[in-house]
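# Architecture and fold: a report
Listed below are the residues making up each chain.
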Amino acid sequence: MSGDLHQRAADWLAQDPDPQTRAQLQSWLDGQDDAEFADAFAADLEFGTAGLRGKLGPGPNRMNRVVVMRAAAGLASYLLKHGAGPESSVVIGYDARHNSEVFARDTAEIITGAGLRALVLPRPLPTPVLAFAILELGCAAGVMVTASHNPPQDNGYKVYLGDGSQIVPPADEEIAEAIRAIGPVDQITKGSGGELLDDALMELYYESVLHCIGTGPRELDIVYTPLHGVGGSSTVELLKRAGFSAPHVVPAQAAPDPDFPTVSFPNPEEAGAIDAALADAAARRPDLVIANDPDADRCAVAVPDPALGEPDSPAGWRMLRGDEVGVLLGAHLLDRGVTDGAVFANSIVSSRLLAAMCAAAGVRHTETLTGFKWIARAPGIAYGYEEALGYCVAPEVVRDKDGVSAALLVAELAARLKREGRTLLDLLDDLAVRHGVYATDAFSVRVTDLSLMPELMQRLRSAPPS
């Protein structure tokens, strides 16, 4: 172990307020797990347009209380520099992951210590509820403590500004610069724990979403899973308030659990993630399966597919791709009618079918850079989606992807088709006949050494897949 690394670790230990990470760091200083030790201090966890996200543990390259407190202080400094004052508020939400509530509490104390108001969501809630609260409460910014669909050992810190959208350049670099200027956390001024919001906010969220949803048939049998995340109660409640029967919630995955014991990777896009839901579907034979990711900003859908087998076997069910759900929701909203000047949007990594549908319907369409930080900023947006299971179906309510309201809209469409004796697959066939077949697929490449990424991207650019 180098003397420099030892000194950096000792300095970190002196300011770390968390007994658990202090103990872990002390064990490293005592000579255990040098590789992990070196990696934890190899760099600073980078703050970018997605905020912070990384593995829990001590050190500047991990998610911990020191890193979070410095991020909160940097955000407060940025807001004050850009005109925020004593009446300006920051709303703070958190999921059910390890340390999420602790990180939210630390953030609130530092925001109030900087002379701003901190409004804290009443309990672990979906990310879209936080995005809704920013607009509804007129906040200067919002912070969501979540690692979304990352593995259990991770956590994250997502920042929104007052327009309700995730940050984009140059705000990300300005906040990062402000974070770098923060000194030791034991010198940061702390205030109170902020103002705890109550369930009136959730009532407003439900009412606002329901106001955007149409009327129609509600006869539908659904199997639903929140994948051990925080979307369960919100999604079930919204479906019931809309007039649907309560879905069957996969029992083993119903309660929030930061260890995600039944899935190896809590992302609906990953193979095996919704196996438990498909097993329940095979036993119950519902009309469709709906899954949220752990912070409920994404929505996955599976349907019985006769081409694969009988619905009394998991093999007879097919999970729809994000592009398929995206165009289905787009078709549904176009059928319902849109206001003059409305814009539909999707990112450059998503299917071009939505653009063809909009052209045929005489509705404006725009293509954006990757990510909802760009999709949500499309001027006049009435609907937007990205192939990674993200759908913004009510941008006037949530200017971000929202897996809860998307689940409701999927159910509304499926119920309408069921009344007509048709299915989501039938509508996909209709769209293909009308506009042509747009075939897409996705796969993941996981890289632990980020220095490999430039070479990988250069290979793709010089020799694109055929």
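The structure reproduced in this document is the subject of the present report. None of the values given here were measured: they were computed from a predicted structure. (Residues numbered from 1 in each chain as written. Predicted model: local features only at pLDDT ≥ 70, side-chain atom pairs only at ≥ 80, totals over all residues. Heavy atoms only, no water.)

### Topic: the overall build of the protein chain
When you go through the protein chain residue by residue, the secondary structure sums to 16 helices and 15 strands. Relative to a compact globule of 466 residues, whose C-alpha radius of gyration would be 23 Å, the protein chain shows 23 Å and is just as compact. In terms of principal-axis extent, the alpha carbons of the protein chain reach across some 70 × 45 × 45 Å. Relative to its full complement of 466 residues, the protein chain shows a buried share of 55%. At a minimum sequence separation of 6, the contacts of the protein chain that also span at least 24 residues come to 70%. Across the protein chain, the centroid of the 38 positively charged side chains sits 3 Å from that of the 63 negatively charged ones. (Helix = DSSP H or I, 4+ residues; strand = E, 2+ residues; numbered from the N terminus. Rg over C-alpha atoms; globule rule 2.2 N^0.38 Å. Buried < 20%, exposed > 50% of the residue type's maximum accessible area, 1.4 Å probe, protein only. Contact = heavy atoms within 4.5 Å. Lys, Arg positive; Asp, Glu negative; His and termini not counted. Charge placed at Lys NZ, Arg CZ, Asp CG, Glu CD.)

### Considering the sheet that holds strand E11 (residues 317-319)
As summarised here, the arrangement of the five strands in space is E8-E7-E9-E10-E11, forming an open sheet in which the pairing is mixed. If you trace the sheet from one side to the other, it starts and ends with strand E8 (248-249) and E11, each paired once. Of the pairings in the sheet, the one linking strand E9 (residues 288-292) to strand E10 (residues 299-304) comprises four bridges and is antiparallel in character. Bridge pairing in E10 places Asn292 opposite Cys299. (Pairing = 2+ DSSP bridges.)

### Examining the sheet that holds strand E6 (residues 195-196)
Judged by pairing direction, the sheet is mixed, and its six strands sit side by side in the order E1-E5-E4-E2-E3-E6 without closing on themselves. The open sheet is flanked by strand E1 (52-55) and E6, the only strands paired with a single partner. Contacts between helix H4 (residues 65-81) and the sheet are confined to E1, strand E2 (89-94), strand E4 (141-145) and strand E5 (154-161), with E5 contributing the most and set at about 5° to the helix. (Axes fitted to C-alpha atoms, helices over the stretch in contact; angles between N-to-C directions.)

### Some details on unusual backbone geometry
With the exception of glycine, the majority of residues adopt a negative phi angle, and the majority of peptide bonds are in the trans configuration. Looking along the chain, the bond that leaves Pro169 and enters Pro170 is cis, with omega of 5°. The topology assignment puts Pro170 in the loop between E5 and helix H7 (171-180). Of note in the backbone geometry, His228 takes a positive phi value of approximately 65° without being a glycine. On the secondary structure map, His228 appears in the loop between strand E7 (222-225) and helix H9 (232-241). Of note, Arg285 is a non-glycine position whose phi angle comes to about 55°, a positive value. Mapped onto the elements, Arg285 comes out in the loop between helix H10 (275-284) and E9.

### Focus: the nonpolar core
Counting residues in hydrophobic clusters, the biggest one holds 84 residues, and the most contacted among them are Leu288, Tyr391 and Leu424. In terms of residue count, the dominant contributor to this core is helix H14 (residues 403-419) (11 residues). Apart from residues lying up to four places away in sequence, Leu288 is in contact with Leu220, Asp221, Ile222, Val223, Val301, Ala302, Val303, Trp317, Val410, Ala414 and Leu424. Core analysis: the next-biggest nonpolar cluster, separate from the first, contains 51 residues, Leu79, Val90, Ile111 and Ile179 among them. (Core = buried A, V, L, I, M, F, W, Y, C linked by side-chain atoms within 4.5 Å.)

### A look at the pairing of E7
Looking down a regular strand, the side chains alternate between one sheet face and the other. Residues of E7 alternate between two faces, with Ile222 and Tyr224 on one and Val223 and Thr225 on the opposite face, all of them buried. Of the strand pairs in this sheet, E7 and E9 are connected by four bridges, and their pairing is parallel. Within E9, the position partnered with Tyr224 by the bridge is Ile290. One ladder, built from two bridges, connects E7 with E8; its direction is parallel.

### Topic: the environment of Pro258
With respect to the secondary-structure elements, Pro258 resides in the loop between E8 and H10. Pro258 sits 158 residues away from Ser100 along the chain, and the two C-alpha atoms are 9.7 Å apart. Those residues in contact with Pro258 that lie beyond four places of it in its chain are Ala96, Arg97, His98 and Pro152.

### Let's talk about the side chain of Asp297
If you trace the backbone, Asp297 turns up in the loop between E9 and E10. Residue class for Asp297 comes out buried when judged on its relative accessible area of 0%. In this structure Asp297 touches Thr127, Pro128, Ser148, Lys158, Leu389, Lys401, Asp402 and Gly403, once residues within four positions along its chain are discounted.

### So, the pattern of salt bridges
Taken as a whole, this structure holds 28 salt bridges when the rule is applied. Arg180 is the salt-bridge partner of Glu173, the closest N and O atoms lying 2.5 Å from each other. Among the salt bridges present, the one from Asp430 reaches Arg422, with a minimum N-O distance of 2.9 Å. Beyond isolated ion pairs, a larger network of salt bridges with shared partners links Asp335, Arg416, Glu420, Arg422 and Asp430. (Salt bridge = Lys/Arg side-chain N within 4 Å of Asp/Glu carboxyl O.)

### A closer look at the packing of helix H11 (residues 322-336) against helix H12 (residues 353-361)
The contact between H11 and H12 brings their axes to 10 Å, and the two run at 15°. In terms of orientation, H11 lies roughly parallel with respect to H12. Classified by chirality, the crossing of H12 by H11 is right-handed. Of the residues in H12, those touching H11 at Val327, Gly330, Ala331 and Leu334 are Leu353, Leu354, Met357 and Ala361. (Parallel < 35°, antiparallel > 145°, perpendicular 65-115°, else oblique. Left-handed = near helix turned anticlockwise from the far one by under 90°.)

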